[in-house]
Amino acid sequence: MAMVFLYLVLLAILCGLGIWMINKHTRGGRVCFSPSTKRRAEPYLFLFPTMLLLVLMFGYPLINSFVMAFQNYKLTAPTKIAFNGLANFKKLFSETDIWLIIQNSFLYVLFSVAGQFLLGLTLAMALNKRFPFRGLYQAIIFLPWSFSAFVIGLMHRWSFNGEYGVVNDLLLKFSVITEKIAWLGTPGYSLAVVIFAMIWMGIPFFAIMILAALQSIPAEMYEAAAIDGCGVIRKFFQITFPYIKPTVIVTVLLRTIWIFNSFDLIVVITNGGPANYSQTLPSYMYTKAFSSYDFGLASALGVVLMVVLVLYVALFLKTTKYNKAGNF
Amino acid sequence: MRKKGLLLVVALLAIMTILPAAGSQEKSTKPLRFIDVSPSPTRQEYFTTTFAKFKQETGLDVVYESVPWDDAANKLTVLGASNQLPDVMTTWAGWLGQFTEAGWVEPLNSYIGNSADEYAKTVTQLVWKAEKELYGNIYTIPDGMMVKGVFVRKDWAKEVGLNLDPTKGWTYAEYFDAVYKLTDPSKNRYGTSFRGSRGAFDPLFVYLESFNGGSAYAADGSTLMADQEAIDAYKKWNGLYLDGTAPKDAINWGFVEMVGNFTGGLTGTLINDSEVAATCLENMKPEQWMVMPMPKSDKDGKIYNTVNSPYAYSIASSSKNKANAWKLIEFLTRPDNNIEYCKLTGLIPIKTAVGNDPFYGPNGPYAAFVQQLNDPAMVVPVAFGPFNFTDMHQGMMHEEMQKYLLGKQSAKVSLANVVYELEKRMKAYLAENPGSAVEQPKGLF
């Protein structure tokens, strides 16, 4: 109840602010501010509907999950909900497998982003050249991005099935392996399968973004470089990469956040198993929320995830010098 | 001023629109809501046809809702927490601890009244007795009964020279021996559909109980499953996986994979409930499969086997139509409707009035199951406990086992982590509920 009240107060403040701004600008049908002040205020007025929507859609769940992180909040015991200080955070970091799960999360994000970036870049470079049926080929390549994670998860789950999977079958036929591998039942392999699926799914996104950036590079730059005797590698590092750097930074940033937060592929392919060896923090949060109904603990984990991501974004933008990217 | 007035009018209109919706009360004439937690085309057809008959007889409408089994616990929990549970729901016995703790289900004692005699002993002596002991009241009417058995590839057994006779039964030693004999990886045959994922601890728990006369706890709530005998039994059971009588992938197998790989021809035995017989009838030839009773304890010769209902009908305590909801349950469990349902879903009927239907006779597909229910040596061991163990069942129980199977943890530690957690919860339950006692194993005779 207190939460709803807090939320309503926040909404009322925002609405009040909006009405005040509208009134200030149109009192009596006459503009009260000078044209320059009005121009300065304009962006905020345009932002206001979006901000209101964001607060409506995300504000309440965000505030509520933050509050729940400090409560003993079990859906199965609605009468026993009460504030419990930092107990959820203490419990979280004393879980037996928490460090394994943190390590998994780090590896999952690192290899998925790196794999998607390298393969997406390669694909974009290849598609940047003209060749017959390029449009058709491009459409097929981008297809995985349109599939739902559930379908991709099921596809990989069956492909990597230890007994009937096509992967083992092919590897056996080509004599790469001599006996079947339990991909989903072996620590290490199970996480690798999930990373493989995530890379497969995300390559098109990187390729689309980088291809768009590549197509904006003026051809004269390459011509001038060729006249100056630049080789392929030098052209890439002196012309191509600086031009696409802003796009790469934003894409890597976005994908890192999305991948870090994603749990659908993991749930469908391995469900975190065996013994949490393919579990990541968000999939663990999902498990805690919907198998033990411990929303307090899951919210504590959510708050930790949020802090980690905010720190990552700040650090990433600083170290990549995003503001200076694209300056030549 | 005019603008302020306009804003006030808009705000009032908004409030007036929201308030009636928030405060609306359900009327008793509304159709009954029914939710099925294990939907399939067959079940849905049965329920919709039966609800049409129900409407003809009583004039009451029933709205059919369903949720896939994998999401059922979550959905019902969310509905329960938001006070929106349907009038009648199919529930699972394992959720009752949580549902009764939260007060989401209605006690049915007064509704059952004098009609208890109409029900089979399996219902009155086992299900209801256990519910009364654990939760103080009767909360469910079983949809049908099921008992576990060992499904065996009859053709493979013949090939390896195993002489299996369901009427004589077998011991756990003989069962383990058969599993090893049926394993032949060169033919892509494995002896058992080993359960390594969710639910993996269920059959293992019963096996461990077979060394303690069907008990899991001492009177003070201390575990009986942490001694050397239990550790050896734990190793023996998991040895089936470690010795290669199941594919390595089985560490991730749940119900679907176990059944699919048995009917698909990868594994030679499958411990499961009688409901799987319906799947076998549909997908296998009669000469390919048979059912053996659950093995007898190597220690005392008794059959320790769970007897329960896959699902059961309950009335939500938030229902505004409780009397009509009970009418619907009575109709669904009426002998003619119940036997039709049980045949469709592979269960044993719950009413005594079903008589001697040949389908459940000595030559029918359920012979081994019914035979166990008539065996004086059969004992129903105790359940995990009256407390809420959903979180353990969905995580810790199989995860600890998986750690042992992967060689990351010893058998002693894996077993101890689970049984001491159960002990902790059992002792807490006993302390919080003065006058309550540890459940005792039950027989039908």
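Refer to the structure presented above.
What counts, and where the lines are drawn
- Residues numbered from 1 in each chain as written.
- Chains lettered and ligands numbered in written order.
- Predicted model: local features only at pLDDT ≥ 70, side-chain atom pairs only at ≥ 80, totals over all residues.
- Heavy atoms only, no water.
- Pairing = 2+ DSSP bridges.
- Helix = DSSP H or I, 4+ residues; strand = E, 2+ residues; numbered from the N terminus.
- Contact = heavy atoms within 4.5 Å.
- Axes fitted to C-alpha atoms, helices over the stretch in contact; angles between N-to-C directions.
- Salt bridge = Lys/Arg side-chain N within 4 Å of Asp/Glu carboxyl O.
- Buried < 20%, exposed > 50% of the residue type's maximum accessible area, 1.4 Å probe, protein only.
- Buried area = accessible area lost by both parts, 1.4 Å probe.

Participant: What am I meant to see in the sheet that holds strand 8 (residues 303-304) of chain B here?
Facilitator: Strands belonging to one sheet form pairs held by backbone hydrogen bonds; the direction of such a pair is parallel or antiparallel. All names here are of chain B. In space, the three strands of this open sheet follow the order 8-11-12, with mixed pairing throughout. Of all strands in the sheet, those with a lone pairing partner are strand 8 and strand 12 (442-443), marking the two edges. With two bridges joining them, strand 11 (residues 378-380) and strand 12 adopt antiparallel strand pairing. Residue Val379 lies in a different strand from strand 12, and its bridge partner there is Gly443.

Participant: Honestly, the sheet that holds strand 1 (residues 32-36) of chain B in this entry has me stumped. Any pointers?
Facilitator: Residue and element names in this part refer to chain B. Read from one edge of the open sheet, five strands run 2-1-3-10-4, paired in mixed fashion. Whereas interior strands pair on both sides, the edge strands pair on one side only; in this sheet they are strand 2 (62-66) and strand 4 (141-142). Relative to strand 2, strand 1 runs parallel, the two being bridged by five bridges. Bridge pairing in strand 2 places Leu32 opposite Val62. Contacting strand 1, strand 2 and strand 10 (312-315), helix 2 (residues 41-58) runs over the sheet at an angle of about 165° to strand 2.

Participant: Help me understand the pattern of salt bridges in this model?
Facilitator: Where charged atoms of side chains with opposite charge meet at close range, the side chains can pair. Residue and element names in this part refer to chain B. Counted according to the given criterion, the structure contains 25 salt bridges over all chains. The salt bridge partner of Glu133 is Lys442, with a shortest N-O separation of 3.4 Å. Note that Glu133 is positioned in helix 6 (residues 121-135) and Lys442 in strand 12, a separation of 309 residues in sequence. Here Glu133 falls in the partly exposed class, since its relative accessible area comes to 39%. The shortest N-O distance in the salt bridge between Arg153 and Asp155 comes to 2.8 Å. For Arg153, a relative accessible area of 7% gives the class buried. A cluster of three or more residues bridged by salt bridges with shared partners is formed by Asp391, Glu421, Lys424 and Arg425.

Participant: For this particular structure, what's the right way to read the pairing of strand 6 (residues 269-273) of chain B?
Facilitator: The two faces of the sheet receive side chains in turn, since in a regular strand these alternate between them. All names here are of chain B. The element strand 6 is extensively covered by neighbouring structure, given that five of its five residues are classed as buried. As paired strands, strand 5 (residues 146-153) and strand 6 are joined by five bridges and run antiparallel to one another. Note that in strand 6 the partner of Val150 across the bridge is Ile271.

Participant: What exactly am I supposed to notice about the interface of chain A and chain B here?
Facilitator: Accessible area lost on assembly of the parts is the figure often given for the size of an interface. Contact residues are listed per partner, giving 30 residues for chain A and 31 residues for chain B. For the pair chain A and chain B, the summed buried surface comes to about 2500 Å²; carbon and sulfur atoms form 50% of the total. Contact with chain B buries surface across chain A, with Thr76, Glu163 and Tyr293 of chain A losing the most and accounting together for 22% of the total. The interface formed by chain A and chain B holds three salt bridges in total.

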